[in-house]
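Structure at a glance
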Amino acid sequence: MIKLGVNIDHIATIRQARKEDFPSVTEAAALCEKAGADSITVHLREDRRHIQDKDVYGLRESLRTKLNLEMAASEEIVKIALDVKPDYVCLVPEKRQEVTTEGGVDVAGQKAKLSDIVDRLKKSGIIVSMFIDADIEQVNASSEINADCIEIHTGKYAEYFKKFGADPNEFQSEIKRISDASAHAVSKGLILNAGHGLDYKNLEGICKIASMNEFNIGFAIVAESVFTGLEKAVTDMKKLIKKYTGDM
């Protein structure tokens, strides 16, 4: 079955809105684990808009599953990763003005820099993933710098899903791009993950991609938890993955 990594950044977003010490990201992570999450993802952004350094260190100590740290290719954050030693690191692009990550990292355009970072992280025992658009060139570049995994950016897929009735060809073309890039990644020996914009309505199409290892889903689960509670929101997402992959 495809695994579920739960991104809990927006638990911290709520906390930081009032600069309180609650809701606790470690308590949220524990509930997600109880509900069946296979890993916990947090993005330690350079502007610290939600997740803080102490959250990452706290999660490293408290998690029973795996810690996935999303991060920019920033020397400051690389040093924190080398100190914390999360199970996984996912290198992502980052802009101060963006609301959320807008696309994949340009691995092909900065291979020398990223290759050095990947090498340092891997020597510390960390599994390294590149968050990329569904693009064959970026898959090849990720393989060339010795990344262990890729995470396909599914933001465009999610956007096109919402307006499927307006332009079904655009939607189908994006699915094909994801399928082709995914198959190529697997042929290169890369672990295949996906994330961004995935929710309870659009998950089915991505579940059909062959050899998918893990989804990283955050906003949809945290938003749903406002109405259902966090544990049920995670459980319901796990049930959908099982349903769409034929495991129930």
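Refer to the structure printed above.
The following refers to the structure shown. (Residues numbered from 1 in each chain as written. Predicted model: local features only at pLDDT ≥ 70, side-chain atom pairs only at ≥ 80, totals over all residues. Heavy atoms only, no water.)

1. Describing the overall build of the protein
Operational definition: The way it works is that DSSP assigns letters per residue, a run of H or I at least four long becomes a helix, a run of E at least two long becomes a strand, and they are numbered from the N terminus. Think of it in three bands: residues with accessible area under 20% of the maximum for their type are buried, residues over 50% are exposed, and the middle band is partly exposed, with areas taken using a 1.4 Å probe on protein chains only. The contact criterion used throughout is that any non-hydrogen atoms of two residues lie within 4.5 Å. Under the convention used here, a 1.4 Å probe and the Shrake-Rupley method define accessible areas, while residue burial counts only the protein chains that appear. His is not counted, nor are the chain ends, whereas Lys and Arg count as positive and Asp and Glu as negative. The atom standing in for a charge is NZ when the residue is Lys, CZ when it is Arg, CG when it is Asp and CD when it is Glu.
Along the backbone of the protein there are 11 helices and eight strands. Based on the C-alpha atoms only, the size of the protein along its principal axes is roughly 45 × 45 × 35 Å. Burial statistics for the protein: of 248 residues in total, 49% are counted as buried. Of the contacts formed within the protein by residues at least 6 apart in sequence, a portion of 65% connects residues at least 24 apart. When the accessible surface of the protein is totalled, it reaches about 11,400 Å², and 50% of it is carbon and sulfur. Charge separation in the protein, taken as the distance between the mean sites of 34 positive and 40 negative side-chain charges, equals 2 Å.

2. Brief notes about the nonpolar core
We apply this condition: Put simply, a nonpolar core is a bunch of buried Ala, Val, Leu, Ile, Met, Phe, Trp, Tyr and Cys residues held in one set by side-chain atoms that sit within 4.5 Å of each other.
In this structure, I8, M130 and F215 are the most contacted members of the largest nonpolar core, which totals 74 residues. A per-element tally of this core places helix 11 (residues 230-244) first, with six residues. In this structure, F215 is in contact with I2, K3, L4, G5, A194, L198, L203, I206, C207 and I241, ignoring residues within four places of it in sequence.

3. Observations concerning the environment of V84
Looking at the element boundaries, V84 is found in helix 4 (residues 75-84). By relative accessible area, V84 is classed as buried at 6%. Between the C-alpha atoms of V84 and V222, which are 138 residues apart in sequence, the distance is 25 Å. In this structure, V84 is in contact with V56, Y57, R60 and L67, ignoring residues within four places of it in sequence.

4. What to know about the pattern of salt bridges
Going by this rule: Salt-bridge detection follows one rule: a side-chain nitrogen of Lys or Arg within 4 Å of a carboxyl oxygen of Asp or Glu.
With the rule as written, the count across this model stands at 20 salt bridges. With its nearest N and O atoms 2.9 Å apart, the salt bridge here joins D38 to K238. Residue D38 is found in the loop between helix 2 (25-34) and strand 2 (39-43), and its partner K238 is found in helix 11; the two are separated by 200 residues along the sequence. Residue E144 is joined to K111 by a salt bridge in which the shortest nitrogen-to-oxygen separation is 2.6 Å. Linking E144 in helix 6 (residues 136-144) with K111 in helix 5 (residues 111-123), this pair joins segments that are 33 residues apart in sequence. Taken together, the shared-partner salt bridges in this structure form one network comprising R45, D47 and R49.

5. Quick look at the state of the cysteines
The criterion, for reference: Counting rule for disulfides: a pair of cysteine sulfur atoms within 2.5 Å.
On inspection of all chains with the given rule, the structure shows zero disulfides. There is no disulfide at C32, and the cysteine sulfur nearest it, in C207, is 18 Å away.

6. So, the pairing of strand 3 (residues 66-71)
Basically, it comes down to this: By this definition, two strands are paired if DSSP reports at least two bridges between them. By convention, orient the strands away from the viewer: a clockwise path from the first strand over the helix to the second makes the crossover right-handed.
For strand 3, the tally of buried residues reaches five of six residues, placing the bulk of the element in the interior. In this sheet, strand 3 lies alongside strand 2 in parallel orientation, the contact comprising five bridges. What sits directly across from H43, in strand 3, is E70. Taking the sense of rotation as the criterion, the β-α-β connection linking strand 2, helix 3 (residues 53-62) and strand 3 turns out right-handed. In this fold, the crossover linking strand 3 to strand 4 (residues 88-91) by way of helix 4 has right-handed handedness.

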